[in-house]
Each structure stands twice: as structure tokens, then as C-alpha cells.
Amino acid sequence: MTQDSENLNRKQLGRRISIGVVVAAIVALLLVTLDTERNPRTDDASVRANFIEIAPEVSGRLAQLPVKDNAYVKQGELLFVIDPRDYEYALRQALSDQENLEQRIIDTKRKIAAQNSAVDAATAAVHNSTTAIRTAGSGVDLAKATVLRAQAAANAAEAQLKYATNDLHRIEPLLQKQYVTVDQVDQANTAVRVARGSYDAALAALSEVQAQETQAVLRQQEADDQASETRAKLGQSIHIIDTLDILESQRPGLAAKVDRARLDLERCRVVAPFDAYVTNMNISEGAYARPGSPMFTLIDTRKWWVVANYREGKVKNIRIGSPVDVYLMGHPERKFTGLVESIGYGVFPEDGSVVAGLPNIERTLNWVHLSSRFPVRIRVQNPDPDLFRVGATAVTVVR
């Protein structure tokens, strides 16, 4: 009986131990579940950093390429140099054009300084020429009137001469028949001589006033020519001032060309904009660089993140600013600290209703309906650039 009792006690003890183990396992599972709920974790995470593609902004042959693939470069360190000779020539040409314009402006200003008095003199001369034209026109009109009067006097003298001559020719035959006296014939001869003298004097006066008319016309023509010349000088002086305005309006355009040529020359030499790693380099010196064509990539080592994809049921326990333990799969012995920087609000839907524009986080089992995962962006506080690599697998635990 004693042995049976011992066996029974042993069975009961074993049964109790089994129950205790099961209960402990259940409690441990509950604790782990509770800890997991309070401190969400995932190994579906990867290391990220900002990166930029380095592309030239000017074209040309690569003269220097001192960096190597996967090398570390400091901010301001030379990345590459494009042959600058064409751009040096363009800058010299632009500076020469700018200097030439400035010299032309200086010369024009000197001419304007000399032409300022010329403009005033030309304006006064135009006024005087206009007055002279009016005076000459009045002289021409007066000369024409005088010519008309002289022409009338000459016509009258000619008529008187004809009358005296006819009278003499009429009475001369009558002298032989003694119908007239010698004294009457002498009077007729005297009348003819007087009429001829008057006629000659009228012709002389007519010639004189005609000459005066010609001179008046010439003076008027001279006044017209002088007025045209002074107007031309005035117009030339004003044109020089207009030319200065045109030349000065060209200054901004040439200054822009100089700035563009200087900028293109500066762009021949490219330096690192920040501390970074060089990657994806497949180019050598002597290659022809084209604007906008990437030559390699720079990974920014100043800031590192881990993007962890958490199930949608865990996202509710994650807050922006929450501390995070970060472990790298390649160096699990090192713990890094981070802070939740942002939580994603959209992923690529499973039904494909959205083509692009959202993170595409694949689900591991296509034949089982799995919960979606949303990216949580974690800023690493103490990254080690020697260990962190873009795309490396990480494990994160949100505290």
C-alpha cells in the first residue's frame, strides 16, 4: 500500500508540475504578448539616407576625376573638373564685349558734352535761318515787284520811242516840199533822241532790278540751304543723345552674359556639397559629360533613418517622438537609439487601384489575407557611418 501511495503521489506531483509548466508558459506568452503590444517590434526594416545624383550642369570633356567608387568625401572636396577652356574663352569674350560697350558709352558721353553747346548753337542757327528765309522771301517779293515796275517803265519808254521815231519819219519827207520847217524836223529828231535815252535808261533799270531779283532768289536759296544744314546738325546732336540711350540699354544684357559665362566656368569645377559616400560610379577621365546626365551618386552621411514596416494593428501603439531601439542585422551586438519621426498614412493598395505615388510594401503570403504594413520613419540619434549602409536590414523596438 505504501508503494502504491508513493506512485500516486508521484503522478499527482507530475500532473501538478505539468499544469504549472503550462500555466507558466501561458503567463509567459501573455507577458510577451503584452510587452509586444506595448513595445512593438519588427525585423521588416531597412536603413535609409538621403542621396543625390551628381550630374554636370555644363558639357565638356572630363579633365579630372579624383574620386573613386565607394570612397568617402568631405564637404568641399573636389569631385570632378570639366575642361574649362571653352568657358574661359566665352568669359573673356563676354568681358571684352562689356568693356567695348563701356568705351563706346564713354566716347558718346564725350561727344554729347561737346555737342551740348552745338545743340544750343544749332537751335539758335535754325531760328536765325528761319528768320533769314522769311527776310529773303520778302526781298524776293520786293524784287519781283520792282522788276514789274521797271518792265512797265521800259515798255512805256519803248512806246514813246516808237511814237517819236514814227513822227520823225512822217515829217522828214514834208521838209522838201516845205510843208514843215527845219525847226520842226529838229524838234522831232530831238524827241527821238530823248525817247531813245529814256528807253535805254528803262532797259538799264530793268536789267538792274532783274539782277537784284536774281540775287534775292539766290539769298533765299542760300538761307534755305543754311537752314537745312543747321537742322541736320541739330538732328545729329539729338541722334547722339538717342544713341547713348540705346547703348546704355545694352548694359543689362551684356552684364547677364558675363554672369552666365562666369557661372558656366564655375560649374566646370564640382565639389561635394556635404560629407558623403560615392557610389554607382561607372565613368572615367576623358569621358564627355552632358548636362543632366548623372555620373554617380552621393549618399548623405549627415542623417540616417530606419524605415520600419509595422502591421496596421501595431501602428496605434506608436507615437511620433517615441524612443526606438535599433539593431543592424549585420551587427546585432550594437544597439542604436532613435526617435519616431513620422508614420506613414498610405501604402500601395493590394487591389492595385492606385498605380503609383505610394510606398509599395509587399505582403509575404499571397494566399492568406494579411494585415497591411505602414512605414514608420525613425531618425537614428547615434549612427555609425562605418556600419550604416542604405538598404541594410534592421530590427526596431519601439519603447
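Procedures and definitions
- Residues numbered from 1 in each chain as written.
- Predicted model: local features only at pLDDT ≥ 70, side-chain atom pairs only at ≥ 80, totals over all residues.
- Heavy atoms only, no water.
- Helix = DSSP H or I, 4+ residues; strand = E, 2+ residues; numbered from the N terminus.
- Buried < 20%, exposed > 50% of the residue type's maximum accessible area, 1.4 Å probe, protein only.
- Contact = heavy atoms within 4.5 Å.
- Pairing = 2+ DSSP bridges.
- pLDDT = per-residue confidence, 0-100.
- Expected span 1.5 Å × (residues − 1).
- Arc of directions from axis to C-beta.
- Salt bridge = Lys/Arg side-chain N within 4 Å of Asp/Glu carboxyl O.
- Axes fitted to C-alpha atoms, helices over the stretch in contact; angles between N-to-C directions.
- Polar contact = N/O pair within 3.5 Å; in protein donor to acceptor, adjacent residues only side chain to side chain.
- Core = buried A, V, L, I, M, F, W, Y, C linked by side-chain atoms within 4.5 Å.

S.K.: Just give me the short version of the overall build of the chain, but keep the residues and values in it.
M.R.: Regarding its fold elements, the chain presents 5 helices and 14 strands. A total of 399 residues make up the chain; the buried ones form 30% of that total. Contacts spanning at least 24 positions in sequence make up 79% of the contacts within the chain whose residues lie at least 6 apart.

S.K.: Describe the sheet that holds strand 3 (residues 60-64), listing the residues and the values that go with them.
M.R.: Pairing within the open sheet is antiparallel, and its 4 strands lie in the order 6-5-3-8. Each having just a single partner strand, strand 6 (269-271) and strand 8 (288-289) make up the two edges of the open sheet. Direction of pairing for strand 3 relative to strand 8: antiparallel, over a ladder of 2 bridges. Bridge pairing in strand 8 links Gly60 to Ala289.

S.K.: Any details on the environment of Asp107? Residues and values, ideally.
M.R.: Checked against the element boundaries, Asp107 lands in helix 2 (residues 85-176). We classify Asp107 as partly exposed; its relative accessible area is 37%. Distance from Asp107 to Leu244, taken between C-alpha atoms, is 9.5 Å for residues 137 residues apart in sequence.

S.K.: Got a sec to walk through the confidence of the model for the chain? Specific residues and values, please.
M.R.: Within the chain, residue pLDDT values average 80, and 74% of them lie at 70 or more. The secondary-structure element of the chain with the lowest mean pLDDT is helix 1 (residues 2-38), recorded at 67, while strand 5 (residues 78-82) shows the highest, at 96.

S.K.: Describe in detail helix 4 (residues 251-266), supporting the description with residues and values.
M.R.: Taking 1.5 Å per residue as the helical rise, helix 4 with its 16 residues ought to reach 22 Å, and the 22 Å between its terminal C-alpha atoms agrees with that figure. The set of residues buried in helix 4 consists of Leu254, Val258, Ala261 and Asp264. Viewed end-on, helix 4 has its buried residues packed into an arc of 130 degrees, placing them on one side of the element. Exposed and facing more than 90 degrees away from the buried side of helix 4 are Pro252, Arg260 and Glu266.

S.K.: Talk me through the pairing of strand 12 (residues 331-343); I want residue IDs and the actual numbers.
M.R.: Alignment of strand 11 (residues 323-328) against strand 12, held across 6 bridges, turns out to be antiparallel. Bridged to Asp325 within strand 12 is Thr337. Following strand 11, the chain reverses through 2 residues before pairing antiparallel with strand 12. Judged from the 5 bridges that link them, strand 12 and strand 13 (residues 373-380) form a sheet pairing that is antiparallel. Each residue of the ladder has a partner; that of Ile343, found in strand 13, is Val376.

S.K.: An account of the pattern of salt bridges is requested, with residue identities and associated values reported.
M.R.: Scanning the entire structure with this criterion turns up 11 salt bridges. One salt bridge connects Arg85 with Asp83, and the closest N-O pair in it is separated by 2.6 Å. Arg85 gets classed as exposed once you look at its relative accessible area, which sits at 58%. Its salt-bridge partner being Asp264, residue Arg260 comes within 3.2 Å of it at the nearest N-O pair. Taken together, the residues Arg260 and Asp264, both in helix 4 and 4 residues apart, mark about one turn of the helix.

S.K.: Explain the sheet that holds strand 14 (residues 393-398) to me, and be specific about the residues and the numbers.
M.R.: Pairing between the strands of a sheet comes from backbone hydrogen bonds, and it takes one of two forms, parallel or antiparallel. Taken in spatial order, the 6 strands line up as 1-10-13-12-11-14 and close into a barrel, and their pairing is antiparallel. In this sheet, neighbouring strand axes are inclined to one another by 40 degrees on average, regardless of whether the strands run parallel or antiparallel. In this structure, strand 1 (residues 41-48) lies alongside strand 10 (residues 305-311), joined through 4 bridges in antiparallel fashion. Each residue of the ladder has a partner; that of Ser46, found in strand 10, is Val307.

S.K.: Residue-level account of the side chain of Arg373, with values.
M.R.: One can find Arg373 in strand 13. At a separation of 3.0 Å, a polar atom in the side chain of Arg373 contacts the main-chain carbonyl oxygen of Asn309.

S.K.: I'd love a proper account of the nonpolar core, names of residues and values included.
M.R.: Val306, Tyr310, Ile318, Leu328, Phe336, Val376 and Phe388 are the most contacted members of the largest nonpolar core, which totals 26 residues. Of all the secondary structure elements, the ones that give two or more residues to this core are strand 1, strand 10, strand 11, strand 12, strand 13 and strand 14. Not counting residues up to four positions away in its chain, the partners in contact with Val306 are Ala45, Ser46, Val47, Val326, Val376, Arg377, Ile378, Val380, Ala394 and Thr396. Within the second largest apolar cluster, 21 residues are counted, among which are Tyr87, Cys268, Ala276 and Val278.

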